[in-house]
Amino acid sequence: MTAHSPLAIEANGLFKSFGETLAVDGVDLAVPSNSVYGMLGPNGAGKTTVIRMLATLIRPDAGSARVLGHDIVKEADAVRSAVSLTGQLASVDEDLTGRENLILLGRLLGLKRAAAKERSAELLEAFGLSEAATRLVKNYSGGMRRRLDIAASIVVTPKLMFLDEPTTGLDPRSRNQVWGIIRALVEAGTTILLCTQYLEEADQLADGIAVIDHGKVIAEGTPGQLKASVGSGALHVRLLDPEQRPQAERVLQQGLGDVNLATDPAALWASCSDADRAAETLAELTRVGVRIADFSLDQPSLDEVFLAITGHPAEEVSAGQPNALEEEQTA
Amino acid sequence: MSIHPTTQAAPSPAADEAAVRKAISSISRPPKASALSAALTFGWRGMLKVKHVPEQLLDVTITPVMFVLMFTYLFGGAIAGSTGEYLDYILPGILVMSVLFTTVYSGVALNTDLTKGVVDRFRSLPIWRPAPLVGSLLGDSVRYVLAGTVIIVLGVILGYRPGAGIGGAIAALALVVLFSFALSWVFTTLGLLLRSPNAVMNAGFMGIFPLTFLSNVFVDPRTLPPVLEAFVDVNPISILATASRGLMEGNAEAGDIAIVLTVAVALTAVFAPLTTRLYRKG
């Protein structure tokens, strides 16, 4: 390994405006090496502009940044030699085949003809695109295109990869595949800066998250810290028999404090972030003879985080995902 | 989570994470591609596009054929007394006109390319900055050669016989293609400045159309009013046409060729860096 600062990305006061629109309004970032760092924000928050500056596609109006120790303006070539970019529009050539795309990039990155061919075959195989190798990319499905896009980004493995909304528009199955690939990249030691407007995606993949809104970082931390800053989770219980709800309410009241009755006459919930106390309370319910149909202990979703920080919900985001506990219960 | 069906209809291929891991670690960074290699690779990209959509060659095959037939038989009798005599005069001219018209499409193609995400990837690569542009113009030069060849072959079929033989025809074609390569930079600049492929096409032809017609491509300038004649005489396209005729007939003047080459170098010197700068800024 070459010696470089432990920070893969270090940005100080980046500004960028387009005409009268201030797209990026003083962004600072500190992204540790070998991690996934998420930039979370709604459409138009300035995430893509930050990535484009860091990938040397556009120059900041003010501020500075070092990527892998290289200044993004003065040492742009050195930055380009160590990063790769997967843009918001899939950064592959639709008018060529999958194989041609990969050979093209291999050649541009300095591979000899035979090596570029070999590399393209290896990547097509690994990304499940061998059968589609000779088809034009414009005929690929969204998931295939994304996989090719990421394959194109690792024709020569980058030290740092910019992923701009890698799963936007993908079905859940393709999305899970892309997440798997991203995890594999991180294991191999690649640092990833991930732009996303999907809160769940940042939660699933990122070690650290910067929440961006209107060109500014408005919150920063681990997914856990961000959730904690919003408040605790909740224990949701649904009963087999709605008649038993008053009884259940008393038990939850004693165990956890304030109880809220849901609109479902068989359901109720109480604030709770301590799994042990939740378990004790559930055991107490069973002991007094209340029969439970279903329960879950929810962490606050990042949707709630966003709402709490910005005062407006993130756009185009579906309701909070059920957590693992609930999934197990209902499977 | 949903329960997986036991019989899944032919599972569509997916990424194999173990193989992805292996692929990530199985490569070390090669030395950078040379400027020439990068440019040639982009030229190859242009060729691949033609291979996938051969209809793109219509403008460099059918259009020149139309021009030759139309101008020869429509104007030949009126302008030169006979189509045969006019063909001798106009064929080198049509060669110049057809190939120059094709250069506009270089700007149109670049403008279209810019709307695609792949350009961001190209711009984030550690390659010689003008490589994508030089490469695509090299690819376009192949189209220019094709258009020129179609015209010369058709001319020969119709009875045109270049005085300097095949060598002369090739020399004329080479000069026209070289000048066109230089002129393309003007249109790639336009392609980066204007907002839509249509705008590039309109602006391009608005420039190239009068310049081509106000030259000696179609008529002998001695028949023109003096002011117009003065303009036609200094129009670089006239000089290119004269030089091409000369090369084909074997009586070219070195001065004409020198002027053509100087203009070509000047166009490239101004517009190639301009295009590169605009392309870099995105």
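Note that this is a predicted model, so its numbers are computed, not measured.

Draft legend 1. Up close: the overall build of chain A. Helix and strand counts for chain A stand at 12 helices and 14 strands. Taking all 331 residues of chain A together, the buried fraction comes to 48%. Sequence separation of 24 or more characterises 68% of the internal contacts of chain A that already satisfy a separation of 6 or more.

Draft legend 2. Structural context of the domain arrangement of chain A. Split into domains, chain A comes out as domain 1 (7–228) and domain 2 (230–330). Each of domain 1 of chain A and domain 2 of chain A has a C-alpha centre, and the two are 37 Å apart.

Draft legend 3. Broad picture of the confidence of the model for chain A. Residues and elements named next belong to chain A. Averaged over every residue, the pLDDT of chain A is 84; residues scoring 70 or more account for 89%. Mean pLDDT per element in chain A: helix α12 (residues 324–330) is the minimum at 33, and helix α3 (residues 98–108) is the maximum at 96. Every residue in residues 316–331 is under pLDDT 50, and counting partners more than four places away or in other chains gives 24 contacts.

Draft legend 4. Fine view of the sheet that holds strand β1 (residues 7–18) of chain A. All names here are of chain A. In spatial order, the strands read β2-β1-β4-β5; together these four strands make up an open sheet with antiparallel pairing. Either end of the sheet is taken by a strand with one partner, and the two such strands are β2 (21–32) and β5 (70–71). In the sheet, β1 pairs with strand β4 (residues 62–67) via five bridges, with the strands oriented antiparallel. What sits directly across from A11, in β4, is A65. Along the sheet face, helix α1 (residues 47–54) touches β1, β2 and β4 and points at about 115° away from the line of β1.

Draft legend 5. Representation of the nonpolar core in the model. Within the largest apolar cluster, 155 residues are counted, with the highest numbers of intra-cluster contacts made by L54 and L194 of chain A together with V96 and V176 of chain B. Apart from residues no more than four positions distant in its own chain, L54 of chain A is found in contact with I9, A11, A65, V67, I72 and F162 of chain A. Core analysis: the next-biggest nonpolar cluster, separate from the first, contains 15 residues, L239, V251, A270 and L285 of chain A among them.

Draft legend 6. Summary view of helix α4 (residues 113–126) of chain A. Over its 14 residues, α4 of chain A extends 20 Å from the first C-alpha to the last, a length consistent with the 20 Å expected when each residue adds 1.5 Å. Of the surrounding secondary structure, the elements contacted by the buried residues of α4 of chain A are α3 and α5 (142–153) of chain A together with α1 (17–25) of chain B. Positive phi appears at G128 of chain A, one or two residues downstream of α4 of chain A, with a value of about 65°.

Draft legend 7. A look at the pairing of strand β3 (residues 36–40) of chain A. All names here are of chain A. A large share of β3 lies buried, amounting to five of its five residues. Neither face of β3 is open: one carries V36, G38 and L40, the other Y37 and M39, and all of them are buried. By the bridge criterion, five bridges tie β3 to strand β8 (residues 191–196) in an arrangement that is parallel. If you follow Y37 over to β8, its bridge partner there is L193. Sheet topology note: the β3/strand β9 (residues 208–213) ladder contains four bridges and is parallel. Paired with M39 across the two strands is A210, which belongs to β9.

Draft legend 8. Spatial organisation of the sheet that holds strand β14 (residues 292–298) of chain A. Residue and element names in this part refer to chain A. Strands sit in the order β12-β13-β11-β14 across an open sheet of four strands; the sheet is antiparallel. The open sheet has two free edges, formed respectively by β12 (259–261) and β14, since each of these has just one partner strand. Strand-to-strand, the axes of this sheet are offset by a mean angle of 20°, without reference to chain direction. Seen against the sheet, helix α9 (residues 245–256) touches β11 (234–239), β12 and β13 (267–271) and runs at an angle of roughly 10° to β13.

Draft legend 9. Spatial organisation of the packing of α3 of chain A against α5 of chain A. Residue and element names in this part refer to chain A. Orientation of α3 relative to α5, taken along the N-to-C sense of each, is 20°, at an axis distance of 9 Å. Judged by the angle between their axes, α3 and α5 are roughly parallel. The hand of the α3/α5 crossing is right-handed. Here α3 contributes G98, N101, L102 and L105 to the contact with α5, which in turn contributes L148, A151 and A152. Across the contact of α3 with α5, the residue classes tally to five nonpolar, two polar and no charged.

About the criteria used
Residues numbered from 1 in each chain as written. Chains lettered and ligands numbered in written order. Predicted model: local features only at pLDDT ≥ 70, side-chain atom pairs only at ≥ 80, totals over all residues. Helix = DSSP H or I, 4+ residues; strand = E, 2+ residues; numbered from the N terminus. Buried ≥ 20, exposed ≤ 12 C-beta atoms within 10 Å, placed from the backbone. Contact = placed C-beta atoms within 7 Å. Domains from an automatic or database assignment. pLDDT = per-residue confidence, 0-100. Pairing = 2+ DSSP bridges. Axes fitted to C-alpha atoms, helices over the stretch in contact; angles between N-to-C directions. Core = buried A, V, L, I, M, F, W, Y, C linked by C-beta atoms within 7 Å. Expected span 1.5 Å × (residues − 1). Parallel < 35°, antiparallel > 145°, perpendicular 65-115°, else oblique. Left-handed = near helix turned anticlockwise from the far one by under 90°. Nonpolar A, V, L, I, M, F, W, Y, C, P; charged D, E, K, R; others polar.

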